[in-house]
Amino acid sequence: MIIAANLKMNLKRKDLQHYKETLQTQLSLLNSVDAVIFPNMACLLDSSYFQDIPLTQGAQNAYPAKNGAYTGEIGSEILEELGIRTILIGHSERRELGDNQEFCLAKFTYYQELGFRIFYCIGEPLHIRKKGLSAVMDFLQTQISGIDLHYPSLVIAYEPIWAIGATQPASIEEISATHLNLKNLFRNINPTRDIPLLYGGSVKADNAREISQINGVDGMLIGSGALNPQNFLHIIKETLE
Ligand code: 13P
(Lines give C-alpha, C1' and ligand atoms only; values in the text may rest on other atoms or scores of the structure.)
Protein backbone atom coordinates (compact mmCIF):
# COMPACT_ATOMS: atom_id res chain seq x y z
CA MET A 1 0.00 0.00 0.00
CA ILE A 2 1.25 3.44 -0.91
CA ILE A 3 0.27 6.04 1.67
CA ALA A 4 1.11 9.55 0.55
CA ALA A 5 0.57 12.85 2.35
CA ASN A 6 0.13 15.95 0.22
CA LEU A 7 0.62 18.79 2.69
CA LYS A 8 -0.19 21.40 0.01
CA MET A 9 0.58 24.95 1.23
CA ASN A 10 0.44 23.93 4.89
CA LEU A 11 2.86 23.39 7.76
CA LYS A 12 6.04 25.30 8.42
CA ARG A 13 9.59 23.95 8.78
CA LYS A 14 9.16 23.73 12.53
CA ASP A 15 5.99 21.67 12.05
CA LEU A 16 7.79 19.37 9.67
CA GLN A 17 10.38 18.69 12.30
CA HIS A 18 7.61 17.76 14.71
CA TYR A 19 6.09 15.64 11.93
CA LYS A 20 9.31 13.72 11.52
CA GLU A 21 9.78 13.28 15.26
CA THR A 22 6.26 11.88 15.58
CA LEU A 23 6.76 9.42 12.73
CA GLN A 24 10.04 8.37 14.28
CA THR A 25 8.15 6.93 17.23
CA GLN A 26 6.36 4.42 14.96
CA LEU A 27 9.00 3.13 12.63
CA SER A 28 7.61 -0.38 12.29
CA LEU A 29 4.23 1.02 11.30
CA LEU A 30 5.84 3.29 8.74
CA ASN A 31 7.94 0.40 7.49
CA SER A 32 4.90 -1.66 6.68
CA VAL A 33 3.78 0.69 3.88
CA ASP A 34 5.33 2.73 1.11
CA ALA A 35 5.09 6.13 2.83
CA VAL A 36 5.57 9.36 0.92
CA ILE A 37 5.31 12.99 1.96
CA PHE A 38 4.94 16.02 -0.28
CA PRO A 39 5.76 18.99 1.98
CA ASN A 40 4.99 22.64 1.44
CA MET A 41 7.37 23.58 -1.38
CA ALA A 42 9.28 26.11 0.72
CA CYS A 43 9.91 23.36 3.29
CA LEU A 44 11.65 20.91 0.99
CA LEU A 45 14.60 19.55 2.91
CA ASP A 46 17.71 17.73 1.98
CA SER A 47 16.53 14.14 1.72
CA SER A 48 19.25 13.04 4.13
CA TYR A 49 17.01 14.61 6.78
CA PHE A 50 14.63 11.68 6.34
CA GLN A 51 17.39 9.13 5.99
CA ASP A 52 16.71 7.47 9.32
CA ILE A 53 13.00 6.95 8.71
CA PRO A 54 11.31 4.96 5.93
CA LEU A 55 9.65 7.97 4.33
CA THR A 56 10.18 9.37 0.85
CA GLN A 57 10.06 13.09 0.29
CA GLY A 58 8.56 14.31 -2.97
CA ALA A 59 7.92 17.66 -4.64
CA GLN A 60 4.35 18.85 -5.17
CA ASN A 61 5.35 20.49 -8.43
CA ALA A 62 8.36 21.58 -10.48
CA TYR A 63 9.14 23.22 -13.76
CA PRO A 64 10.19 21.03 -16.69
CA ALA A 65 13.72 22.42 -16.94
CA LYS A 66 17.00 22.12 -15.08
CA ASN A 67 17.23 25.83 -14.22
CA GLY A 68 16.78 29.16 -15.99
CA ALA A 69 14.74 32.33 -16.20
CA TYR A 70 11.48 31.02 -14.73
CA THR A 71 10.62 33.36 -11.90
CA GLY A 72 8.97 31.66 -8.96
CA GLU A 73 9.52 28.14 -10.25
CA ILE A 74 11.87 25.41 -9.15
CA GLY A 75 13.68 23.12 -11.57
CA SER A 76 15.23 19.68 -11.55
CA GLU A 77 18.69 20.92 -10.58
CA ILE A 78 17.58 22.00 -7.12
CA LEU A 79 15.44 18.89 -6.63
CA GLU A 80 18.38 16.69 -7.48
CA GLU A 81 20.64 18.65 -5.14
CA LEU A 82 18.14 17.92 -2.37
CA GLY A 83 18.08 14.25 -3.34
CA ILE A 84 14.41 14.45 -4.36
CA ARG A 85 13.45 11.92 -7.01
CA THR A 86 9.67 11.88 -6.59
CA ILE A 87 7.20 14.37 -8.00
CA LEU A 88 3.47 15.04 -8.08
CA ILE A 89 2.17 16.13 -11.48
CA GLY A 90 -1.30 17.18 -12.59
CA HIS A 91 -2.95 17.76 -9.24
CA SER A 92 -6.34 19.40 -9.81
CA GLU A 93 -5.27 22.40 -7.73
CA ARG A 94 -2.33 22.93 -10.12
CA ARG A 95 -4.57 22.39 -13.14
CA GLU A 96 -6.91 25.04 -11.68
CA LEU A 97 -3.96 27.45 -11.50
CA GLY A 98 -3.20 27.00 -15.19
CA ASP A 99 -1.39 23.69 -15.68
CA ASN A 100 -3.22 22.52 -18.80
CA GLN A 101 -2.82 19.03 -20.26
CA GLU A 102 -0.01 20.15 -22.54
CA PHE A 103 1.97 21.55 -19.60
CA CYS A 104 1.30 18.48 -17.42
CA LEU A 105 2.56 16.36 -20.29
CA ALA A 106 5.69 18.50 -20.66
CA LYS A 107 6.40 18.04 -16.95
CA PHE A 108 5.72 14.32 -17.19
CA THR A 109 8.03 13.83 -20.15
CA TYR A 110 10.81 15.88 -18.60
CA TYR A 111 10.77 14.14 -15.21
CA GLN A 112 10.29 10.73 -16.83
CA GLU A 113 13.47 11.35 -18.77
CA LEU A 114 15.25 11.98 -15.47
CA GLY A 115 13.84 8.77 -14.00
CA PHE A 116 11.77 10.40 -11.26
CA ARG A 117 8.98 8.45 -9.61
CA ILE A 118 5.90 10.27 -10.88
CA PHE A 119 2.62 10.52 -9.00
CA TYR A 120 0.30 11.62 -11.78
CA CYS A 121 -3.11 12.94 -10.70
CA ILE A 122 -6.38 12.74 -12.55
CA GLY A 123 -9.93 13.54 -11.47
CA GLU A 124 -13.22 14.85 -12.79
CA PRO A 125 -15.28 17.87 -11.69
CA LEU A 126 -18.79 17.40 -10.28
CA HIS A 127 -20.69 18.27 -13.46
CA ILE A 128 -18.95 15.40 -15.24
CA ARG A 129 -19.58 12.96 -12.40
CA LYS A 130 -23.26 13.87 -12.56
CA LYS A 131 -23.37 12.63 -16.16
CA GLY A 132 -22.35 9.11 -15.06
CA LEU A 133 -19.42 6.75 -15.20
CA SER A 134 -19.01 6.70 -18.96
CA ALA A 135 -18.66 10.52 -19.05
CA VAL A 136 -16.20 10.29 -16.14
CA MET A 137 -14.09 7.76 -18.03
CA ASP A 138 -14.10 9.91 -21.18
CA PHE A 139 -12.92 12.86 -19.10
CA LEU A 140 -10.19 10.88 -17.30
CA GLN A 141 -8.93 9.57 -20.64
CA THR A 142 -8.30 13.14 -21.77
CA GLN A 143 -6.16 13.63 -18.66
CA ILE A 144 -3.96 10.64 -19.38
CA SER A 145 -3.71 11.43 -23.04
CA GLY A 146 -0.05 11.36 -24.02
CA ILE A 147 1.09 9.92 -20.69
CA ASP A 148 3.42 6.95 -21.15
CA LEU A 149 1.70 4.17 -19.22
CA HIS A 150 4.69 1.95 -19.84
CA TYR A 151 6.84 4.13 -17.59
CA PRO A 152 7.88 1.80 -14.75
CA SER A 153 8.04 4.52 -12.09
CA LEU A 154 4.50 5.76 -12.65
CA VAL A 155 1.86 5.91 -9.93
CA ILE A 156 -1.58 7.30 -10.74
CA ALA A 157 -3.80 9.03 -8.23
CA TYR A 158 -7.51 9.26 -8.92
CA GLU A 159 -8.83 12.29 -7.06
CA PRO A 160 -12.37 13.36 -7.97
CA ILE A 161 -12.28 17.14 -7.60
CA TRP A 162 -15.65 17.26 -5.86
CA ALA A 163 -14.38 14.93 -3.13
CA ILE A 164 -11.26 16.96 -2.33
CA GLY A 165 -11.55 18.96 0.89
CA ALA A 166 -15.16 17.82 1.13
CA THR A 167 -17.17 16.52 4.04
CA GLN A 168 -16.89 12.97 2.72
CA PRO A 169 -15.04 10.98 0.08
CA ALA A 170 -16.57 9.50 -3.05
CA SER A 171 -18.77 6.52 -2.21
CA ILE A 172 -17.34 3.02 -2.07
CA GLU A 173 -19.32 2.16 -5.23
CA GLU A 174 -18.00 5.22 -7.09
CA ILE A 175 -14.40 4.53 -6.12
CA SER A 176 -14.73 0.85 -6.87
CA ALA A 177 -16.31 1.29 -10.33
CA THR A 178 -13.92 4.05 -11.37
CA HIS A 179 -10.83 2.19 -10.20
CA LEU A 180 -11.96 -0.98 -11.93
CA ASN A 181 -12.50 0.88 -15.20
CA LEU A 182 -9.19 2.69 -14.89
CA LYS A 183 -7.35 -0.55 -14.16
CA ASN A 184 -8.91 -2.12 -17.28
CA LEU A 185 -7.93 0.87 -19.33
CA PHE A 186 -4.33 0.77 -18.07
CA ARG A 187 -4.15 -3.00 -18.57
CA ASN A 188 -5.27 -2.66 -22.18
CA ILE A 189 -2.45 -0.24 -22.84
CA ASN A 190 0.18 -1.94 -20.70
CA PRO A 191 -0.61 -5.56 -19.85
CA THR A 192 2.83 -6.08 -18.31
CA ARG A 193 2.47 -3.87 -15.24
CA ASP A 194 -0.28 -3.34 -12.70
CA ILE A 195 0.09 0.44 -12.43
CA PRO A 196 -0.45 1.44 -8.79
CA LEU A 197 -3.67 3.43 -8.50
CA LEU A 198 -4.29 5.62 -5.46
CA TYR A 199 -7.52 7.20 -4.32
CA GLY A 200 -7.53 10.76 -3.00
CA GLY A 201 -10.28 13.01 -1.68
CA SER A 202 -11.33 13.38 1.96
CA VAL A 203 -9.51 10.30 3.18
CA LYS A 204 -9.45 10.35 6.98
CA ALA A 205 -8.63 7.86 9.73
CA ASP A 206 -12.30 6.91 10.02
CA ASN A 207 -12.78 5.94 6.37
CA ALA A 208 -9.23 4.81 5.45
CA ARG A 209 -9.77 1.16 6.23
CA GLU A 210 -12.87 0.82 4.09
CA ILE A 211 -11.31 2.70 1.17
CA SER A 212 -8.05 0.77 1.36
CA GLN A 213 -9.94 -2.51 1.11
CA ILE A 214 -11.66 -1.64 -2.17
CA ASN A 215 -10.56 -3.82 -5.04
CA GLY A 216 -8.29 -1.75 -7.30
CA VAL A 217 -7.16 0.69 -4.60
CA ASP A 218 -3.40 0.41 -4.13
CA GLY A 219 -3.01 3.30 -1.77
CA MET A 220 -4.20 6.75 -0.86
CA LEU A 221 -3.16 10.35 -1.43
CA ILE A 222 -4.21 12.33 1.61
CA GLY A 223 -4.47 16.06 2.12
CA SER A 224 -6.01 17.55 5.26
CA GLY A 225 -6.33 14.12 6.87
CA ALA A 226 -2.54 13.88 6.99
CA LEU A 227 -1.65 17.37 8.24
CA ASN A 228 -1.36 16.01 11.72
CA PRO A 229 1.33 13.29 11.87
CA GLN A 230 -0.66 11.30 14.43
CA ASN A 231 -3.54 11.16 11.96
CA PHE A 232 -1.17 10.10 9.20
CA LEU A 233 0.02 7.24 11.40
CA HIS A 234 -3.53 6.40 12.36
CA ILE A 235 -4.47 6.14 8.66
CA ILE A 236 -1.52 3.81 8.03
CA LYS A 237 -2.62 1.68 10.96
CA GLU A 238 -6.16 1.46 9.64
CA THR A 239 -4.98 0.21 6.26
CA LEU A 240 -3.08 -2.63 7.91
CA GLU A 241 -5.93 -4.02 9.97
P1 13P B 1 -8.08 16.15 1.04
O2 13P B 1 -7.62 14.86 1.64
O3 13P B 1 -7.88 17.33 1.93
O4 13P B 1 -9.47 16.03 0.50
O5 13P B 1 -7.13 16.42 -0.22
C6 13P B 1 -6.90 15.40 -1.12
C7 13P B 1 -5.84 15.83 -2.05
O8 13P B 1 -6.01 16.76 -2.81
C9 13P B 1 -4.55 15.12 -1.98
O10 13P B 1 -3.75 15.45 -3.06
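Quick notes on the rules
Residues numbered from 1 in each chain as written. Predicted model: local features only at pLDDT ≥ 70, side-chain atom pairs only at ≥ 80, totals over all residues. Heavy atoms only, no water. Pairing = 2+ DSSP bridges. Helix = DSSP H or I, 4+ residues; strand = E, 2+ residues; numbered from the N terminus. Contact = heavy atoms within 4.5 Å. Axes fitted to C-alpha atoms, helices over the stretch in contact; angles between N-to-C directions. Buried < 20%, exposed > 50% of the residue type's maximum accessible area, 1.4 Å probe, protein only. Arc of directions from axis to C-beta. Near = heavy atom within 4 Å. Polar contact = N/O pair within 3.5 Å; in protein donor to acceptor, adjacent residues only side chain to side chain. Areas by Shrake-Rupley, 256 points an atom, 1.4 Å probe, with all protein chains shown as cover. Nonpolar A, V, L, I, M, F, W, Y, C, P; charged D, E, K, R; others polar. Disulfide = S-S within 2.5 Å. Expected span 1.5 Å × (residues − 1). Parallel < 35°, antiparallel > 145°, perpendicular 65-115°, else oblique. Left-handed = near helix turned anticlockwise from the far one by under 90°.

(A) Region of the structure containing the sheet that holds strand β7 (residues 197-200). Spatially, eight strands are ordered β3-β2-β1-β8-β7-β6-β5-β4 in an open sheet, and the strand pairing comes out parallel. Each edge of the open sheet is held by one strand with a lone partner, namely β3 (56-57) and β4 (86-89). Across three bridges, the pairing between strand β6 (residues 154-158) and β7 is parallel. Among the inter-strand pairings, Tyr158 is bridged to a residue of β7, identified as Tyr199. Running at roughly 165° to strand β5 (residues 117-122), helix α5 (residues 101-113) makes contact with β4, β5 and β6 of the sheet.

(B) Structural context of helix α9 (residues 205-212). Looking at α9, one finds that the buried residues are Ala205, Asn207, Ala208, Ile211 and Ser212. Down the axis of α9, the sector holding all buried residues measures 150°, keeping them to one side. Of the exposed residues in α9, the ones pointing more than 90 degrees away from its buried face are Asp206 and Glu210. On the buried face of α9, the contacting elements are α8 (172-189), β7, β8 (219-222) and α10 (229-240).

(C) Region of the structure containing the site of the ligand. Not every one of the 13 residues close to the ligand is listed here, only the nearest: Lys8, His91, Glu159, Gly165 and Ser202. A distance of 2.8 Å separates an oxygen atom of the ligand from a polar side-chain atom of His91. Out of a free accessible area of 300 Å², the ligand has 98% covered by protein chains. Of the residues belonging to the shell around the ligand, the class tally is four nonpolar, seven polar and two charged.

(D) Inspection of the side chain of Arg129 at higher detail. Position of Arg129 relative to the elements: it lies in helix α6 (residues 126-129). Each residue touching Arg129, except ones within four places of it in the same chain, is listed here: Glu124, Val136, Tyr158, Trp162, Glu174 and Thr178.

(E) Focus on the state of the cysteines. Tallying each qualifying case throughout the model produces zero disulfides. Between Cys43, a free cysteine, and Cys121, which holds the nearest cysteine sulfur, the sulfur-to-sulfur gap is 20 Å. Cys104 supplies the cysteine sulfur nearest to Cys121, a cysteine that is in no disulfide, at a spacing of 9.1 Å.

(F) View of unusual backbone geometry. One non-glycine residue with positive phi stands out, namely Leu11, at about 70°. Secondary-structure assignment places Leu11 in the loop between β1 (2-6) and α1 (13-24). By relative accessible area, which is 23% here, Leu11 ends up partly exposed. Backbone geometry at Ser202 places phi at a positive 60°, although glycine is not the residue there. Tracing the backbone through its elements, the reader meets Ser202 in the loop between β7 and α9.

(G) Looking closely at α5. For α5, which comprises 13 residues, the first-to-last C-alpha distance of 18 Å matches the rise-based estimate of 18 Å (1.5 Å per residue) to within 8%. Three or more residues of α5 are buried, namely Gln101, Cys104, Lys107, Phe108, Tyr111 and Gln112. All buried residues of α5 fall inside an arc of 125° around its axis, so they share one side. With respect to the buried face of α5, the exposed residues turned more than 90 degrees away are Glu102 and Glu113. Check the buried side of α5 and you find it contacts α3 (76-81), β4, α4 (92-96), β5, α7 (133-143) and β6.

(H) Region of interest: the packing of α7 against α8. Here α7 crosses α8 at 45°, and the two axes come no closer than 11 Å. For the element pair α7 / α8, the angle class is oblique. Handedness of the crossing formed by α7 with α8: right-handed. For the pair α7 and α8, the contacting residues are Leu133, Val136, Met137, Leu140 and Gln141 in the first and Ala177, Thr178, Asn181, Leu182 and Leu185 in the second. Grouping the amino acids of the contact of α7 with α8 by side-chain chemistry returns seven nonpolar, three polar and no charged.

These figures capture arrangement, not role.
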